[in-house]
Amino acid sequence: MQYTERDAEMFRRTAAAIEAEIGKVIVGQRALIRQTLITLLAGGNALLEGVPGLAKTTLIRTLSDAVDCQFSRIQFTPDLMPADIIGTTIIAEDEQGQKEFRFQRGPIFSNLVLADEINRATPKTQSALLEAMQEHTVSVARTSYKLEEPFFVLATQNPLEMEGTYPLPEAQLDRFFFKINVPFPSPQELVEIAQRTTGTDQAKPQKVINGATLIQLQQMARSVPVATHVLSYAARIISATHPDSALAPEQVKRYVSYGSSPRGMQALILAGKIGALLDGRTNVAYRDLRDMATPTLRHRIILSFEGQAEGVNSESIVNSILESIKEEA
């Protein structure tokens, strides 16, 4: 099913209303809010990276206020166990006093899940999120439990304090739709933050949509058509992230060990579709893919030892790819 310009305008207005409600609490950070919203509308998961105090946790709490869905927060610590996230089987008594095994659901059984400081937990606990993020199911013993839709994981991590942390493995990073860097606010924004948070009045976002409407918007995003030449452009961008590809620029061949998986292609196209809808269009343009390339690929490009030693970052790699891959006439 293809949607009309009127449907695209409804999509844009609804997204703008959510952004406006979040903006009542979060000062500035337009790109952060927009990219988080795109991830939610895509039905994906987001990884936010930034120093403490930049409102990463506040953002997802505010998002849960604007979207009428169940919210839960998991504080990751070194002693956290997988059962603390997905739940465990307990022995309980029924009304007749008979003993039975009963599954006690964990906090992962929510619509919006905040995984706070995810790199504080051990790999065993981090991996408990893998199935939930990819399949939207949880397996305990021999039983699989379906997570209620919509389902969205927003994980945060602090890049400064690396002692006692466990970097996320590449397989889990690849399951994040976007990796979003949280910048430090400007002096003007700091003034506004102080005015909003040190007074007696506290802004309270209003509910904009419910879970059913959110699912409808997610389905609408997937129905946006993409022309063959735009798909080809996206494929060449993804191929250029691999150092052994003929399309790879010199910077990729020198500093990159591994490039993006096909999930990167899927995320880039879906993000481009949402970007087009947010712009009021029902077709994906080249610029939509360029705008979404950095948050889509920055965590899917694995630097080589030489790249790390030279201080190269994945953003510069993505920029070199975008400069080298030409649009088709």
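All of the points below concern the structure found in this document. (Residues numbered from 1 in each chain as written. Predicted model: local features only at pLDDT ≥ 70, side-chain atom pairs only at ≥ 80, totals over all residues. Heavy atoms only, no water.)

With that settled, the discussion passes to the overall build of the protein chain. Counting secondary structure elements, the protein chain contains 15 helices and 13 strands. Taken against the 2.2 N^0.38 rule, which gives 20 Å for 329 residues, the C-alpha radius of gyration of the protein chain at 21 Å falls within 12% of a compact globule. The principal-axis extents of the C-alpha atoms in the protein chain amount to approximately 75 × 45 × 45 Å. Counting the 329 residues in the protein chain, one finds 49% classified as buried. The long-range fraction of contacts in the protein chain, counting pairs at least 24 apart against all pairs at least 6 apart in sequence, stands at 75%. Both charge centroids of the protein chain, one from 33 positive and one from 38 negative side chains, sit 3 Å from each other. (Helix = DSSP H or I, 4+ residues; strand = E, 2+ residues; numbered from the N terminus. Rg over C-alpha atoms; globule rule 2.2 N^0.38 Å. Buried < 20%, exposed > 50% of the residue type's maximum accessible area, 1.4 Å probe, protein only. Contact = heavy atoms within 4.5 Å. Lys, Arg positive; Asp, Glu negative; His and termini not counted. Charge placed at Lys NZ, Arg CZ, Asp CG, Glu CD.)

Turning our eyes to something else, we now look at the pattern of salt bridges. Going through the model one piece at a time under the given rule, you end up with 15 salt bridges. The shortest N-O distance in the salt bridge between Lys 24 and Glu 21 comes to 2.9 Å. Classification of Glu 21 by relative accessible area gives buried; the value is 12%. Here Glu 306 and Arg 254 are joined by a salt bridge, their closest N and O atoms 2.9 Å apart. In this pair, Glu 306 is assigned in helix 14 (residues 305-309) and Arg 254 in helix 11 (residues 250-255), connecting sequence segments 52 residues apart. A relative accessible area of 42% places Arg 254 in the partly exposed class. The network of salt bridges with common partners includes Asp 279, Arg 281, Arg 287 and Asp 288. (Salt bridge = Lys/Arg side-chain N within 4 Å of Asp/Glu carboxyl O.)

With 13 residues, helix 2 (residues 30-42) should cover 18 Å at 1.5 Å per step; its first-to-last C-alpha distance of 18 Å lies within 8% of that length. Along helix 2, 10 of the 13 residues are buried, which leaves the element largely enclosed by surrounding structure. Among the residues making up helix 2, those that are buried are Leu 32, Ile 33, Gln 35, Thr 36, Leu 37, Ile 38, Thr 39, Leu 40, Leu 41 and Ala 42. (Expected span 1.5 Å × (residues − 1).)

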